[in-house]
Amino acid sequence: MSKAKSIPLFLLRLLALGATVCATIVMVTSHESTKVLNMTFEAKYSDSPTFKYFLVVNAVASGYSLIILFLSSKNLTWQLVLVSDLVITSLLISSLSAALGVSQVAKKGNLHAGWLPICGQVPKFCDHVAGALVSELIAAIFYFLLLLNSLHNTLDLLTLQA
């Protein structure tokens, strides 16, 4: 790969790494306690399996980015990178979707199921979760762009030859 192509790709992978690391750190630090009716109520990411999944996917994506970042592009087979980018992008989008659903219930509640909104009582927790979600959305966009780049490098789309 030419140097003109490798520098923007390196920067895009670096930005994707930064976004996933940021989402991981913000989610890990999301916790808050409050007193409601003389009872202490604590909200933290580890209370929800969805947020745990979100955290694991971001940690895996960060590790993958770090590994790919330091491997030489001359030694990589682009077919493997294409499949790996596709898997990471899919995982990021699925964890983002799941976490968005849970955070929507936390914010608005579900009156039909009897679930009350909690963001009024623990706004700092909800703000942290929202920040992690935004960071992962940015990471998913970066990974989608990386996926398109890997697809372009692997296949010649005009002749459809591998």
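Everything quoted here is computed from the prediction, not taken from an experiment.

Right, let's talk about the overall build of the protein chain for a bit. When you go through the protein chain residue by residue, the secondary structure sums to 4 helices and 2 strands. Counting all 162 residues of the protein chain, 36% fall into the buried class. The long-range fraction of contacts in the protein chain, counting pairs at least 24 apart against all pairs at least 6 apart in sequence, stands at 77%. Only carbon and sulfur atoms are counted for the fraction: they give 70% of the accessible area of the protein chain, which is about 9,600 Å².

Once the charged atoms of two side chains with opposite charge are near each other, the side chains can pair. Scanning all chains against the criterion turns up 1 salt bridge. A salt bridge links R13 to D85; the shortest N-O distance between them is 3.0 Å. With R13 in helix 1 (residues 3-28) and D85 in helix 3 (residues 78-108), this residue pair connects regions lying 72 residues apart in the sequence. Judged by its relative accessible area of 0%, D85 falls in the buried class.

A separate point is the state of the cysteines. Covalent bonding between the sulfur atoms of two cysteines defines a disulfide. All told, the structure shown has 1 disulfide when counted by the stated rule. A sulfur-sulfur separation of 2.0 Å characterises the disulfide bridge that pairs C119 with C126. Where C119 bonds to C126 through sulfur, the torsion about that S-S bond is close to -90°, and the disulfide is left-handed. Per residue, the accessibility class of C119 equals that of C126, and both read buried.

Judged by side-chain polarity, L137, I141, F144, L145 and L148 come together as a nonpolar surface patch covering roughly 440 Å² of accessible area. For I141, the position within the fold is in helix 4 (residues 123-154). Given the relative accessible area of 46%, I141 is considered partly exposed.

All right, on to helix 2 (residues 49-70) then. Since one α-helical turn is 3.6 residues long, residues separated by three or four positions face the same way. The first and last C-alpha atoms of helix 2 sit 32 Å apart over 22 residues, in line with the 32 Å expected at 1.5 Å per residue. For helix 2, the complete set of buried residues consists of T50, F51, F54, L55, V57, N58, A61, S62, Y64, S65, I68 and L69.

For the rest of this paragraph, the subject is the nonpolar core. With 17 residues, the main nonpolar core has M27, F51, F54, F125, V129 and L133 as its most contacted residues. Breaking this core down by element, the ones donating at least two residues are helix 1, helix 2, helix 3 and helix 4. The element that contributes the greatest number of residues to this core is helix 4, accounting for 5 residues. F54 has contacts with A23, M27, S95, A99, A132, L133 and E136, leaving out every residue within four places of it along the chain. Formed by 14 residues, the second largest nonpolar core is a distinct cluster that contains I68, I88, L92 and L146.

Here we take up the packing of helix 2 against helix 4. Interaxial distance between helix 2 and helix 4 falls to 12 Å at its minimum, and their mutual angle equals 40°. Taken as axis vectors, helix 2 and helix 4 run oblique relative to one another. Both helix 2 and helix 4 take part in a crossing whose hand is left-handed. Here F51, F54, N58, A61, Y64 and S65 of helix 2 come into contact with helix 4, specifically with F125, V129, A132, L133, E136 and Y143.

Thresholds, definitions, all that
Residues numbered from 1 in each chain as written. Predicted model: local features only at pLDDT ≥ 70, side-chain atom pairs only at ≥ 80, totals over all residues. Heavy atoms only, no water. Helix = DSSP H or I, 4+ residues; strand = E, 2+ residues; numbered from the N terminus. Buried < 20%, exposed > 50% of the residue type's maximum accessible area, 1.4 Å probe, protein only. Contact = heavy atoms within 4.5 Å. Areas by Shrake-Rupley, 256 points an atom, 1.4 Å probe, with all protein chains shown as cover. Salt bridge = Lys/Arg side-chain N within 4 Å of Asp/Glu carboxyl O. Disulfide = S-S within 2.5 Å. Patch = residues over 30% accessible without salt bridge, like charges linked within 9 Å, V, L, I, M, F, W, Y side chains within 5 Å. Expected span 1.5 Å × (residues − 1). Core = buried A, V, L, I, M, F, W, Y, C linked by side-chain atoms within 4.5 Å. Axes fitted to C-alpha atoms, helices over the stretch in contact; angles between N-to-C directions. Parallel < 35°, antiparallel > 145°, perpendicular 65-115°, else oblique. Left-handed = near helix turned anticlockwise from the far one by under 90°.

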